[in-house]
Amino acid sequence: MTAPAAPAPAASRPHPLTGLEIAAILAIIVTWGVNNAAGKLATETMPPLLVGALRFGVATLCLAPFVRPPFPDWRSLLLIVVVGGALQYGLLYVAYSLATDITPVTVANQLWIPLTTLFAFLLLKERLGKAALAGMVVAFVGVAWMMLDAHAIQDWRAILVGIAAGAAWALTTVVARRTTSIPPLKMQGLLAAGTLPILAFGSAVFEHGQVEAVRHAKPLVWAALLWAGIVSSVMATTLLFWLVQRREAGRVTPYLLATPVVTILIGWAFMGDVLTPQILTGAAIAMGGVAVVALAERGLRAGAAKA
């Protein structure tokens, strides 16, 4: 008589997030949410490319100690700096400067997540699942519905530029998948050091009144720039790096989709954003679609340098 078979081991379940990890996630969400509003605030006083240059000037000073050899392939690094740094942030700050309200631009910019999945399918031949495809369609429908609102349509240029900024970051994320893994603070330092001169040159060529804008900037504007350069680019990135060292990226990143909620609340409470039922519905549909993509593509890399 044969011995009974041993029971199959129970499927291992991931340990729940600790209180410290939850606090770190909340800190990143709040930091990035405030940073969106800070960018809009700064571009109301200063030219957008100048804002970007000043932000990355601060970040470069903070991150310089982390920028040391070895460096990734120079062609990939150049593409990351030009597209993911100068182009992406230049477009994003231009979008903020064009926008009347911060909410539609922030929601539209979140399309970078489904666009990353799309670019990975087109360029890297990665599998595009049905759930991810459905979420992608839902996200774009939500943004389109939001844009058709009588108030939001006034910001159509800002929304389109915000989507273009998201597309630039999505392309950068796909390129980064083929780049040798390096610590996020080092990549953020390389990104800042490379982006600073490009945005400074762009501001010198295409913008005017920089000296007057700097002279008349209020302390709150400088606080916004310091927040972007130090708290967002350095501290939030460090927290994210710490989290993804402890947990899989796919376990952490879906929670960060709450970031636009913080920006929307700040825009409504302090910056005079108009939130009509159609804008809120479109934003909810769009973020729902983005969440479906993020959850369907658990291996999607959040890009620690995004902050």
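This text gives an overview of the structure that appears in the document. Values in this document were obtained by computation on a predicted structure and should not be read as measured data. (Residues numbered from 1 in each chain as written. Predicted model: local features only at pLDDT ≥ 70, side-chain atom pairs only at ≥ 80, totals over all residues. Heavy atoms only, no water.)

### Observations regarding the overall build of the chain
Next up, step 1: A count of helices and strands for the chain gives 13 helices and zero strands.
Next up, step 2: Looking at the chain residue by residue over its 307 residues, the buried ones come to 52%.
Next up, step 3: Pairs at least 24 apart in sequence give 91% of the contacts found in the chain among residues at least 6 apart.
Next up, step 4: On the chain, roughly 14,800 Å² of surface is accessible, and the fraction owed to carbon and sulfur atoms is 71%. (Helix = DSSP H or I, 4+ residues; strand = E, 2+ residues; numbered from the N terminus. Buried < 20%, exposed > 50% of the residue type's maximum accessible area, 1.4 Å probe, protein only. Contact = heavy atoms within 4.5 Å. Areas by Shrake-Rupley, 256 points an atom, 1.4 Å probe, with all protein chains shown as cover.)

### Here we look at empty space enclosed by the protein
Next up, step 1: If you walk through the whole model with that rule in mind, you get two cavities of 30 Å³ or more.
Next up, step 2: Here the second largest cavity is characterised by a volume of approximately 40 Å³.
Next up, step 3: Lining the second largest cavity are Asn35, Ala38, Gly39, Ala42, Val51, Arg55, Tyr93, Ala224, Leu225 and Ala228.
Next up, step 4: Of all elements in the fold, only helix 1 (19–43), helix 2 (48–63) and helix 10 (219–246) reach the threshold of two or more residues within the lining of the second largest cavity.
Next up, step 5: Counting residues per element, the lining of the second largest cavity draws most heavily on helix 1, which supplies four residues.
Next up, step 6: Its residues assigned to classes, the lining of the second largest cavity shows seven nonpolar, two polar and one charged. (1 Å grid on protein atoms, 1.4 Å probe; cavity = no way out; pocket = protein on both sides within 12 Å on 5 of 7 lines; lining within 4 Å. Points joined across faces, edges and corners; volume = space filled by probe spheres on them. Nonpolar A, V, L, I, M, F, W, Y, C, P; charged D, E, K, R; others polar.)

### Structural notes on the pattern of salt bridges
Next up, step 1: Inspection of every chain in the model, using the stated rule, returns two salt bridges.
Next up, step 2: Where Glu44 meets Lys40, a salt bridge forms, and the shortest distance between an N and an O atom there is 2.9 Å.
Next up, step 3: Judged by relative accessible area, which is 52%, Glu44 ranks as exposed.
Next up, step 4: A residue is classified by how much of its surface remains accessible, and Lys40, at 4% relative accessible area, is buried.
Next up, step 5: A salt bridge links Glu212 to Arg215; the nearest nitrogen and oxygen atoms lie 3.1 Å apart. In this pair, Glu212 and Arg215 are both assigned in helix 9 (residues 210–216), three residues apart and thus about one turn of the helix distant. (Salt bridge = Lys/Arg side-chain N within 4 Å of Asp/Glu carboxyl O.)

Remember, this is a structural readout, not a statement about activity or role.
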